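These are the residues of each chain, in order.
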Amino acid sequence: MTDIWTRLASCRAAQEDLRITDLFASEPARAEAFCTSADDLVFDWSKTTIDSAARDLLLELARQSHVEARRDAMFAGEKINETENRAVLHTALRNLGGSVLVDGQDVMPKVRDTFARMSDFASKVRSGEFTGQGGKITDVVNIGIGGSDLGPYMATLALAPYHDGPRTHFVSNVDGADIADTLRGLNPETTLVIVASKTFTTIETMTNARTARDWMAGAVAEPAAQFVALSSAVDKTGAFGIDSSRVFGFEDWVGGRYSVWGPIGLSVMLAVGPEDFADFLAGGAAMDAHFRAAPLDSNLPVLLALTGIWHHQICGYPTRAVLPYDNRLMRLPAYLQQLEMESNGKRVAMDGSDLAMNSGPVVWGEPGTNGQHAFYQLIHQGTTPVPCEFILAARGHEEELAHHHILLAANCLAQSEALMRGRSLEEARGLMRAKGFEGAELDRQARHRVFPGNRPSTTLLIPQLTPFTLGQIIALYEHRVFVEGVILGLNSFDQWGVELGKELALQVEPLLKGDSGEGHDPSTRHLAKLFQDLRQP
Ligand code: F6P
C-alpha cells in the first residue's frame, strides 16, 4: 500500500511543468477517454492533471484498497460501520425488491411496509383525505437538523417543477428566529408538522418541536394529531404524544446523512407525490447497480473518488468546490458538506491508528453563475488551486426560457475552459498594449490580468434535473464518499467528532443562566459574563 502512495507522489512530482492543455495534445483521444458514463449521466474528468500514468496508479490504489470487496460487504448488510457495530444499508431504502439479511433477518419486508405506509399517508394528505383541524393541509413544516434537514430540504428545492402538494418549510436552527420566521404567516389549523430525528433526542430538533407544539396548541384542540414523527427511536415518539399511525421508523443501519431515501424523505414525498419520490429512489438504485457492476476503470463513483484523492491527498489542494449550474441545486453544496465532511473528516483509521494520509478536504460551493460574481476571482487568480466540480443539465424545465439555459451552460463550459487555459503574460501584455499602455505601466497592468490556468475541474453532465437524475447524483456522491473512505482506511459511517460540542453546550447553558463557571476555561467564563452583561436592558 505504502508503495502505491509513494508511486503516486512520484508521478505527481514528475508533473512539475505539466499543463493540462498539453495532455490533450499528447493524448489525442483524451476528451473521450476521460469522459465516463453511467446510464445517461456523463462525468468528464479530462480537465485534470490525471494523465494515463496517474490514472493507472489511481486504479491500482483502488484495487489494492479492496474497494470492490468492501462495496460488496456493504450491499450484503455486513457490519462495516465497525465503531458502532452497524450495517450500512441506506441502499436498501431505494431498492425495494429482493432481500437483505442483517443478523440473519431479512430487513426488506419492513422497509417495503414503511414505504407503503408513507405513500399511503402522503396520498391522503395530498388528496385531502387526511386533514388538519381546519381543513386540507396547506403547509408542511419539517423540523430536523443535519441529515434530517439537509437531504429533504435539498431534494425539495431541486424538484420544484414536480411540486404539486402542500407547501413545504424547513426549520433546523435552534435559533428561535428560524422557527418564528417559518411559522409566521402559517395557519396552524392546516399545517402538518414533521419531527424528523433519527435519535429523537437532538436538542435543536426537540426544542423546535416543543415550540411548534405550543404554537399549534394555541389554535387547535389536538395539536399532536397534526404531528408526524420520522425516527429510528420509535419508543421516544410516543412519549412526545405522536400516535403510532403517524410514526415512520427506520433502522440504525441508516446513517443520518444517508437517510433522505426513507422516512426522512417524507416532506419530499408530500411535495412531489409518491410516484415522483419512487423515481428518485429508482435513480439512486440505478446508480447502485452501476456502482456494483461497472469495472473500476469505468465506474463513476470510483472515478469521482479517485479524482478527489488525486486532488487532495496527492496534489495537496485543501478544498474542493461543488458548483452546480442549476439554481435548484442551491442546497447541494451544503448537503455535500455534511455527506463528505461528516463521513470522511476523521483522523484515525478503522483500527484506531493515526491516518497515514490527510483525510477529507473542505467542501464548499454555490450555484453558478452567482459564484462567478463572488468567489471565482480566488478560484482563477488566488494562490491555491481549488479543484472545481461543475454540474450541468442539458435541458432546463423552462422551455420558454431556453435562451437562459444556453447562457447558463455557456458560462459553465467557459469557466472550466478558462480555468484550464488561463491567460499568459504575453496575452495580457497584448491586451494592455492594445489599450495604449506601454513601458513599466504596461507590465504592471498586464501582470494583474494574468490567469495562471492549469486549474483542474470536472463536469457532471445530466440530461435534465428530474427525480430520477437527482437520485443518481446523490447516490453517486454517496458512493464517492464511501470509496474515498475505503481508500483512506477510515470509517465513513460514524461521527464521533460532533459529540464533544454537544456535551459542552449542555454544560455551558447553566453558565449563561448565571451559574458559577466551575469547570470552564477563563475565556469561556469571560465570554459568558460579557454575554450576560450585554443582555441587560
Ligand atoms: O450531530 C450530528 C448528527 O448526529 C448528524 O449525523 C445527524 O444527521 C444530525 O445530527 C441529526 O440527528 P438526528 O436525526 O438524530 O436528530
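The structure presented is a predicted model; accordingly, all values stated were derived computationally and were not measured.

## Digging into the confidence of the model for the protein chain
One rule of thumb: low pLDDT means the predicted coordinates there are not for detailed reading.
Okay, so step 1: With 100% of its residues at a pLDDT of 70 or more, the protein chain shows a mean pLDDT of 96.
Okay, so step 2: If you check the scores for this complex, the pTM reads 0.97 and the ipTM reads 0.98.

## Topic: the UniProt feature "active site" (unreviewed entry) in the protein chain
Okay, so step 1: This chain's UniProt record puts "active site" (unreviewed entry) on Glu 342, His 373 and Lys 502. Across 161 residues in sequence, these annotated residues place their C-alpha atoms as far as 36.6 Å from one another, rather than forming a single compact spot.
Okay, so step 2: Along the chain, His 373 turns up in the loop between strand E13 (362–364) and helix H15 (376–381).
Okay, so step 3: Accessibility expressed as a C-beta count within 10 Å gives 9 for His 373, which makes it exposed.
Okay, so step 4: Turning to its location among the elements, Lys 502 is positioned in helix H20 (residues 499–512).
Okay, so step 5: On the basis of neighbour counts, which here come to 12 C-beta atoms within 10 Å, the residue Lys 502 falls in the exposed class.

## Digging into the site of the ligand
Okay, so step 1: In the vicinity of the ligand, 14 residues are found, and the nearest of them are Gly 146, Gly 147, Ser 197, Thr 202 and Gly 256.
Okay, so step 2: Looking at the shell around the ligand, its residues break down into two nonpolar, nine polar and three charged.

## With respect to the sheet that holds strand E7 (residues 139–143)
Okay, so step 1: With parallel pairing, the five strands of this open sheet are ordered in space as E8-E7-E9-E10-E11. Looking along the sheet, the strands with just one partner apiece sit at the ends: strand E8 (167–171) and strand E11 (247–249). Ignoring which end each strand starts from, the neighbouring axes of this sheet average 20° apart.
Okay, so step 2: By the bridge criterion, four bridges tie strand E9 (residues 191–196) to strand E10 (residues 227–231) in an arrangement that is parallel. Considered in E10, the bridge of Val 193 is made with Phe 227.

## Side note on the domain arrangement of the protein chain
Interface size, as often reported, equals the accessible area lost upon joining of the parts.
Okay, so step 1: What the domain assignment reports for the protein chain is domain 1 (33–65 + 294–421 + 456–492), domain 2 (98–279) and domain 3 (500–535).
Okay, so step 2: The gap between the C-alpha centroids of domain 1 and domain 3 is 40 Å.

## Observations concerning the nonpolar core
Okay, so step 1: Counting 127 residues, the largest nonpolar core has Leu 58, Ile 143, Val 193, Ile 194, Leu 266 and Ile 487 as the members making the most contacts within it.
Okay, so step 2: Element by element, the count of residues in this core is highest for helix H19 (residues 467–488), at 12 residues.
Okay, so step 3: Counting contributing residues per domain, this core is built from domain 1 (33–65 + 294–421 + 456–492) and domain 2 (98–279), each supplying no fewer than three.
Okay, so step 4: The contacts of Ile 194, once residues within four sequence positions are left out, are Val 140, Val 141, Asn 142, Ile 143, Val 228, Leu 230, Leu 266 and Ser 267.

## Thoughts on the sheet that holds strand E15 (residues 457–464)
Okay, so step 1: Ordered in space as E1-E2-E15-E14-E12-E13, the six strands form an open sheet in which the pairing is mixed. Both outer strands of the open sheet, strand E1 (35–38) and E13, are each paired with one neighbouring strand and no more. Across the sheet, the axes of successive neighbouring strands diverge by a mean angle of 20°, strand direction being ignored.
Okay, so step 2: Of the strand pairs in this sheet, E1 and strand E2 (residues 41–44) are connected by four bridges, and their pairing is antiparallel.

## Looking at the packing of helix H4 (residues 52–64) against helix H13 (residues 300–314)
Okay, so step 1: Look at H4 against H13: their axes get within 10 Å of each other, and the N-to-C directions meet at 110°. By the angle class used here, H4 and H13 are roughly perpendicular. Where H4 abuts H13, its residues Ala 54, Leu 58 and Ala 62 lie against Val 302, Leu 306, Ile 309 and Trp 310.
Okay, so step 2: Its residues placed into classes, the contact of H4 with H13 shows seven nonpolar, no polar and no charged.

## Examining the packing of H13 against H19
Okay, so step 1: Between H13 and H19, the shortest axis-to-axis distance is 8 Å and the interhelical angle comes to 55°. On the basis of their axis angle, the class for H13 and H19 is oblique. The way H13 lies across H19 gives a crossing that is right-handed. Across from Leu 300, Pro 301, Val 302, Leu 304, Ala 305, Gly 308 and Ile 309 in H13, the residues of H19 making contact are Leu 476, His 479, Arg 480, Val 483, Glu 484 and Ile 487.
Okay, so step 2: Its residues assigned to classes, the contact of H13 with H19 shows nine nonpolar, two polar and two charged.

Conventions used here
Residues numbered from 1 in each chain as written. Predicted model: local features only at pLDDT ≥ 70, side-chain atom pairs only at ≥ 80, totals over all residues. pLDDT = per-residue confidence, 0-100. UniProt positions renumbered as here; feature names shortened; annotations may be inferred. Helix = DSSP H or I, 4+ residues; strand = E, 2+ residues; numbered from the N terminus. Buried ≥ 20, exposed ≤ 12 C-beta atoms within 10 Å, placed from the backbone. Near = placed C-beta within 6 Å. Nonpolar A, V, L, I, M, F, W, Y, C, P; charged D, E, K, R; others polar. Pairing = 2+ DSSP bridges. Axes fitted to C-alpha atoms, helices over the stretch in contact; angles between N-to-C directions. Domains from an automatic or database assignment. Core = buried A, V, L, I, M, F, W, Y, C linked by C-beta atoms within 7 Å. Contact = placed C-beta atoms within 7 Å. Parallel < 35°, antiparallel > 145°, perpendicular 65-115°, else oblique. Left-handed = near helix turned anticlockwise from the far one by under 90°.

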